[in-house]
Amino acid sequence: MDERIKNSIDLMVVMVVGELSEDLKQDEDEVLVNFIHSSTGKLLYDQKSKLWWCGPSDIAEMYKKELLGAN
């Protein structure tokens, strides 16, 4: 993976996790681990998906929908 794209994705993860932490009222470290292991987190790191082109709020919403589907 191109280093610039990986850095962009890493930055996006930080923004998404910050937003999710506030929304879900959970610790950022816990949210980070759960997000990275989620389908949404894995898809974000799949360069072909271009999910990283979306904004952090869109990605956070996608993750929250994933959580609802898991329950």
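Everything discussed here concerns the structure shown above.
So, a few notes on the structure that sits alongside this text. Because the structure is a prediction, the values reported are computed rather than measured.

What counts, and where the lines are drawn
- Residues numbered from 1 in each chain as written.
- Predicted model: local features only at pLDDT ≥ 70, side-chain atom pairs only at ≥ 80, totals over all residues.
- Heavy atoms only, no water.
- Helix = DSSP H or I, 4+ residues; strand = E, 2+ residues; numbered from the N terminus.
- Contact = heavy atoms within 4.5 Å.
- Phe/Tyr/Trp six-rings, centres within 6.5 Å; stacked < 30°, edge-to-face > 60°.
- Buried < 20%, exposed > 50% of the residue type's maximum accessible area, 1.4 Å probe, protein only.
- Core = buried A, V, L, I, M, F, W, Y, C linked by side-chain atoms within 4.5 Å.
- Patch = residues over 30% accessible without salt bridge, like charges linked within 9 Å, V, L, I, M, F, W, Y side chains within 5 Å.
- Areas by Shrake-Rupley, 256 points an atom, 1.4 Å probe, with all protein chains shown as cover.
- Salt bridge = Lys/Arg side-chain N within 4 Å of Asp/Glu carboxyl O.
- Lys, Arg positive; Asp, Glu negative; His and termini not counted.
- Charge placed at Lys NZ, Arg CZ, Asp CG, Glu CD.

**Structural notes on the environment of leucine 51**
Part 1 of the argument: Counting through the fold element by element, leucine 51 comes out in the loop between α3 (39–44) and α4 (56–70).
Part 2 of the argument: Leucine 51 sits 41 residues away from aspartate 10 along the chain, and the two C-alpha atoms are 12 Å apart.
Part 3 of the argument: Setting aside residues no more than four positions away along its own chain, leucine 51 makes contact with Thr40, Leu43, Leu44, Ile59 and Met62.

**Re the packing of aromatic side chains**
Part 1 of the argument: Overall, the coordinates contain 2 aromatic pairs when judged by the stated rule.
Part 2 of the argument: Ring geometry for phenylalanine 35 versus tyrosine 63: centroids 5.3 Å apart, planes at 70°, classification edge-to-face. Placement of the pair is phenylalanine 35 in helix α2 (residues 28–36) and tyrosine 63 in helix α4, with a sequence separation of 28 residues.
Part 3 of the argument: In this structure phenylalanine 35 comes out as buried when scored by relative accessible area, which is 0%.

**A look at unusual backbone geometry**
Part 1 of the argument: If you check the backbone angles, lysine 25 has positive phi at about 55° while not being a glycine.
Part 2 of the argument: Looking at the secondary structure, you find lysine 25 in the loop between α1 (3–24) and α2.
Part 3 of the argument: The class for lysine 25 is exposed, based on a relative accessible area of 73%.
Part 4 of the argument: A positive phi angle is found at lysine 50, which is not glycine, with a value near 55°.

**Some thoughts on the nonpolar core**
Part 1 of the argument: In this structure, Ile9, Val13, Val16, Leu20, Phe35, Leu44 and Ile59 are the most contacted members of the largest nonpolar core, which totals 15 residues.
Part 2 of the argument: Of all the secondary-structure elements, those providing two or more residues to this core are α1, α2 and α4.
Part 3 of the argument: Ranked by residue count, the leading element in this core is α1, at 7 residues.
Part 4 of the argument: In this structure, isoleucine 59 is in contact with Met12, Val16, Phe35, Thr40, Leu44, Leu51 and Cys54, ignoring residues within four places of it in sequence.

**Regarding a negative patch on the surface**
Part 1 of the argument: A contiguous patch of negative charge on the surface is contributed by Glu22, Asp27, Glu28, Asp29 and Glu30.
Part 2 of the argument: For the negative patch, the leading source of residues is α2, giving 3 residues.
Part 3 of the argument: For glutamate 22, the position within the fold is in helix α1.
Part 4 of the argument: Of the residues examined, glutamate 22 reaches a relative accessible area of 62% and is grouped as exposed.

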